[in-house]
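# Tertiary structure, described
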There are 2 protein chains.
Amino acid sequence: MTRRRTLFLGLAGGIAGASIAATAVLAQEGLNPVVKARHAQMTLFAFNLGTLGAMAQDKAEYDAEAATAAAGNIVKLSSLAAGPMWAPGTGVGDVEGTRALPAIWENMDDVITKAVALNEAAVAMEAAAGEGLDSLKAAFGPLGAACGECHKSYREPE
Amino acid sequence: MTRRRTLFLGLAGGIAGASIAATAVLAQEGLNPVVKARHAQMTLFAFNLGTLGAMAQDKAEYDAEAATAAAGNIVKLSSLAAGPMWAPGTGVGDVEGTRALPAIWENMDDVITKAVALNEAAVAMEAAAGEGLDSLKAAFGPLGAACGECHKSYREPE
């Protein structure tokens, strides 16, 4: 379970100091710094997924190199040690500006399973993206679905 | 120059489609999506640097594992393929909400050199962070300086 641990290091504890530090650095931005960091990660997911999605939906010309780079970014982003970004007490009802449901912290093992699955779907996309548009399209569904798996269960509907 | 190329894939061209796609995905958020993605990357830099900085400044207890994880995150974030995030025409005077100076696009080779130096400082921090507080402190100055190198030359003062 080393990979799981790497992906979510510090989720269960030992991160109070780190979270406080991040709070000090980002407090001036208004939003809770942990929430802000999560949003930033999601923004970068969306930015890179947008590149792939446009090609998958024939809205942009297929570009093997750009697609592979975007997929590689999603691999890196989905393998960030995420513990401090999911510090307990930063869900809906705890802080403003988040749609992260308390169920996250009650089902952390499942959350980590879904996070690992996202990383695996991104790795598959990175391998597929440069192999032609059909290959990219085939990998896009599972990648989008992996995002959706977490959102369905753990994000408050708008 | 493969590493340089990987770090900034697509900077000089071939990314129009990808940028347009990202624009479509993120347009509803108000801010230019390229600017938003850059801000997201900087937010994640700051979040993880905050963890290290708090320890370096004795404001948080030294935690080898958390420090190594934060440094590892900075390694990944500083190695994202960044071309689409620095699309031409997204600096000060082109779009709202950015402090990215036009000098960036006039000195891209220097920008890439500085980006590579940041990645190298992060790699050094990842190696040092788990080796004790003194080791972390020694690596923190160069890492902060690497951030500053780009900000000094290429970010509009507030």
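See the structure shown above.
Residues numbered from 1 in each chain as written. Chains lettered and ligands numbered in written order. Predicted model: local features only at pLDDT ≥ 70, side-chain atom pairs only at ≥ 80, totals over all residues. Heavy atoms only, no water.

Moving on to helix H7 (residues 133-154) of chain B. Helical periodicity: at 3.6 residues per turn, an α-helix aligns residues three or four positions apart in one direction. Residue and element names in this part refer to chain B. Look at H7: 32 Å from first C-alpha to last across 22 residues, which is about the 32 Å you get at 1.5 Å a residue. The largest bend in H7 is about 25°, located at Phe-140, with the proline Pro-142 one to four residues further on. Listed in full, the buried residues belonging to H7 are Leu-136, Ala-139, Phe-140, Leu-143, Ala-146, Cys-147 and Tyr-154. Tucked into the core, H7 has its buried residues touching helix H3 (33-56), helix H4 (64-77), helix H5 (103-106) and helix H6 (108-129). (Helix = DSSP H or I, 4+ residues; strand = E, 2+ residues; numbered from the N terminus. Expected span 1.5 Å × (residues − 1). Bend = angle between axes of the 7 residues up to and from the residue. Buried < 20%, exposed > 50% of the residue type's maximum accessible area, 1.4 Å probe, protein only. Contact = heavy atoms within 4.5 Å.)

All names here are of chain A. Checked against the element boundaries, Asn-73 lands in helix H4 (residues 64-77). Look at Asn-73 and you get buried, because its relative accessible area is 3%. Separated by 29 residues in sequence, Asn-73 and Pro-102 have C-alpha atoms that sit 28 Å apart.

In this section: the side chain of A:Arg38. Residue and element names in this part refer to chain A. Note on placement: Arg-38 falls in helix H3 (residues 33-56). Buried and unpaired, Arg-38 has no salt bridge, with Asp-94 as the nearest side chain of opposite charge at 7.7 Å. Here Arg-38 is in contact with Met-85, Trp-86, Thr-90, Thr-98, Ala-100 and Trp-105, once residues within four sequence places are set aside. (Lys, Arg positive; Asp, Glu negative; His and termini not counted. Salt bridge = Lys/Arg side-chain N within 4 Å of Asp/Glu carboxyl O.)

Summed over all chains, the structure comprises two cavities of 30 Å³ or more. Empty space within the largest cavity amounts to approximately 80 Å³. Taken together, 11 residues form the lining of the largest cavity, with A:Asn48, A:Ala70, A:Asn73, B:Ala81 and B:Pro84 sitting closest to its centre. Here the lining of the largest cavity takes four residues from H4(A), the largest share from any one element. Class assignment for the residues of the lining of the largest cavity results in eight nonpolar, three polar and no charged. (1 Å grid on protein atoms, 1.4 Å probe; cavity = no way out; pocket = protein on both sides within 12 Å on 5 of 7 lines; lining within 4 Å. Points joined across faces, edges and corners; volume = space filled by probe spheres on them. Nonpolar A, V, L, I, M, F, W, Y, C, P; charged D, E, K, R; others polar.)

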